[in-house]
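Notes for the structure review
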Amino acid sequence: MDIINMPAHVGIIMDGNGRWATARGLSRTEGHKEGANAVRRIITHARRSGVKVLTLYAFSTENWSRPQAEVSAIMEMVGKYLSKETSTMVENGIRMRLIGDKSRFSKSLLGVIEHSEELTSDKEDMLLQIALNYGGRDELVRAAKKIASLVAEGTISPSDITEKLISDNLDTKGAMDCDLIIRTGGEKRTSNFLMWQGAYSELYFSDVLWPDFDEDEFDRAMQFFSQRQRRFGGIK
Ligand code: FPP
């Protein structure tokens, strides 16, 4: 598809797995499984479309309140996905990094994540950021703690704190701000996703449930973005 003005960084809030499953009389876990197929489809399509950074919201810091079995199923699914797909990512020039607080992950999941991050670390076609145990506020709190330590040990002074320093202490260090946030599943909120990086994001809300999200709906979001006039607080 010819889009003149593609977003460089696309973030997606993948909502609607549960409703997709319930509507078919399936378990919520089945919905997440089908969601993982949509993840594969959209990663491939985003890379082919020229997206440079794709950030997928897989599990929020608030999602721990779901039933334990569902939490475990999602974590397991992400681990399995990475074990299975890392070699394809390497072939396709995709660098993967996990954003979020890694301190609550099991040792085995952490091992899979780190292995995948390492194997793909020199890839440059597209950066895939999987947000797992991620919350924008939590990310800012963790950045504030790191910066406070630098001040306390005398490495920097408070006047050295700039927007760039804060950006450099976020999990997304080095990635450009998010141009477009897509949310599937019909709700219209950003739910603690990329709070800092999404300050000027365009927002695209789709009624499609995540497991049904396909290339055509992704392209509709790209069309929407390409028609926006972005002023970043200035005037035309
Ligand atoms: C939101 O739907 C979806 C999630 C909380 C989980 C997303 C996880 C995946 C797509 C699994 C695989 C991920 C990767 C990166 C391989 P919901 O459960 O809130 O749906 P509902 O609003 O219909 O209940």
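These remarks concern the structure in this document.

1. Details of the pairing of strand S6 (residues 202-205)
Only one face of S6 is covered, namely the face carrying Glu 202 and Tyr 204; the face carrying Leu 203 and Phe 205 is uncovered. Inspection of the sheet shows strand S5 (residues 180-183) paired to S6 by four bridges, in the parallel sense. By the bridge assignment, Leu 180 is partnered in S6 with Glu 202.

2. Side note on the site of the ligand
Around the ligand sit 17 residues, and of these Asp 15, Gly 18, Arg 19, Arg 28 and Arg 66 come closest. Between Gly 18 and the ligand, the recorded distance is 3.0 Å, taken from a backbone N or O atom to an oxygen atom. Take Arg 19: an N or O atom from its main chain is 2.7 Å from an oxygen atom of the ligand. When the ligand is considered free in solution it has 630 Å² of accessible area, and contact with the protein chains removes 92% of it. Breaking the shell around the ligand down by element, the ones donating at least two residues are helix H1 (17-23), helix H2 (28-49) and helix H3 (68-91). Looking at the shell around the ligand residue by residue, the classes come out as seven nonpolar, six polar and four charged.

3. Some words on the pairing of S5
Along S5, one buried face is formed by Leu 180 and Ile 182 and the opposite face, lined by Ile 181 and Arg 183, is buried too. In terms of strand pairing, strand S1 (residues 9-13) meets S5 through four bridges, oriented parallel. Looking at S5, one finds that Ile 13 is bridged to Arg 183.

4. Considerations on unusual backbone geometry
The backbone phi angle of Ser 191 is positive, close to 45°, even though this residue is not glycine. Here Ser 191 shows up in the loop between S5 and S6. Residues other than glycine seldom take positive phi values, yet Leu 194 does so here, at roughly 45°. As for its position among the elements, Leu 194 is in the loop between S5 and S6.

5. Notes on helix H4 (residues 107-119)
A rise of 1.5 Å per residue sets the reference length of H4, with its 13 residues, at 18 Å; its end C-alpha atoms lie 18 Å apart and thus fit the reference within 8%. Within the sequence span of H4, burial applies to Leu 109, Ile 113, Ser 116 and Glu 117. Buried residues of H4, seen end-on, are gathered within an arc of 100° and therefore sit on one face of the element. Of the exposed residues in H4, the ones pointing more than 90 degrees away from its buried face are Lys 107, Ser 108 and Glu 118. Close packing links the buried residues of H4 with H3, strand S3 (94-99) and strand S4 (126-134).

6. Some points on the packing of H3 against H4
Where H3 contacts H4, the axes come no closer than 9 Å and their chain directions differ by 20°. Classified by the angle between their axes, H3 and H4 sit roughly parallel to one another. Read as a crossing pair, H3 and H4 show a hand that is left-handed. On H4, the residues that touch Met 75, Gly 79, Leu 82, Ser 83, Thr 86 and Val 90 of H3 are Leu 109, Val 112, Ile 113, Ser 116 and Leu 119. Counted by class, the contact of H3 with H4 contains seven nonpolar, four polar and no charged residues.

7. Here's the deal with the environment of Gln 223
Structurally, Gln 223 can be placed in helix H7 (residues 215-226). Given a relative accessible area of 33%, Gln 223 falls into the partly exposed group. Taking the C-alpha atoms as reference, Gln 223 lies 8.7 Å from Asn 5; in sequence the two are 218 residues apart.

8. Examining the packing of aromatic side chains
By the definition in use, this model includes seven aromatic pairs. Here Tyr 134 and Phe 193 contribute two aromatic rings whose centre-to-centre distance is 6.4 Å and whose plane-to-plane angle is 80°, an arrangement assigned as edge-to-face. Taken together, the residues Tyr 134 in strand S4 and Phe 193 in the loop between S5 and S6 connect sequence positions 59 residues apart. For the pair Tyr 134 and Phe 193, one class covers both residues: buried. Considering the side-chain rings of Tyr 200 and Phe 232, the 5.6 Å spacing of their centres and the 55° angle between planes classify their relative orientation as tilted.

9. Quick look at the side chain of Asn 192
Assignment of secondary structure puts Asn 192 in the loop between S5 and S6. Those residues in contact with Asn 192 that lie beyond four places of it in its chain are Tyr 57, Thr 61, Glu 62, Tyr 134, Gly 135, Gly 136 and Arg 137.

About the criteria used
Residues numbered from 1 in each chain as written. Predicted model: local features only at pLDDT ≥ 70, side-chain atom pairs only at ≥ 80, totals over all residues. Heavy atoms only, no water. Buried < 20%, exposed > 50% of the residue type's maximum accessible area, 1.4 Å probe, protein only. Helix = DSSP H or I, 4+ residues; strand = E, 2+ residues; numbered from the N terminus. Pairing = 2+ DSSP bridges. Near = heavy atom within 4 Å. Polar contact = N/O pair within 3.5 Å; in protein donor to acceptor, adjacent residues only side chain to side chain. Areas by Shrake-Rupley, 256 points an atom, 1.4 Å probe, with all protein chains shown as cover. Nonpolar A, V, L, I, M, F, W, Y, C, P; charged D, E, K, R; others polar. Expected span 1.5 Å × (residues − 1). Arc of directions from axis to C-beta. Contact = heavy atoms within 4.5 Å. Axes fitted to C-alpha atoms, helices over the stretch in contact; angles between N-to-C directions. Parallel < 35°, antiparallel > 145°, perpendicular 65-115°, else oblique. Left-handed = near helix turned anticlockwise from the far one by under 90°. Phe/Tyr/Trp six-rings, centres within 6.5 Å; stacked < 30°, edge-to-face > 60°.

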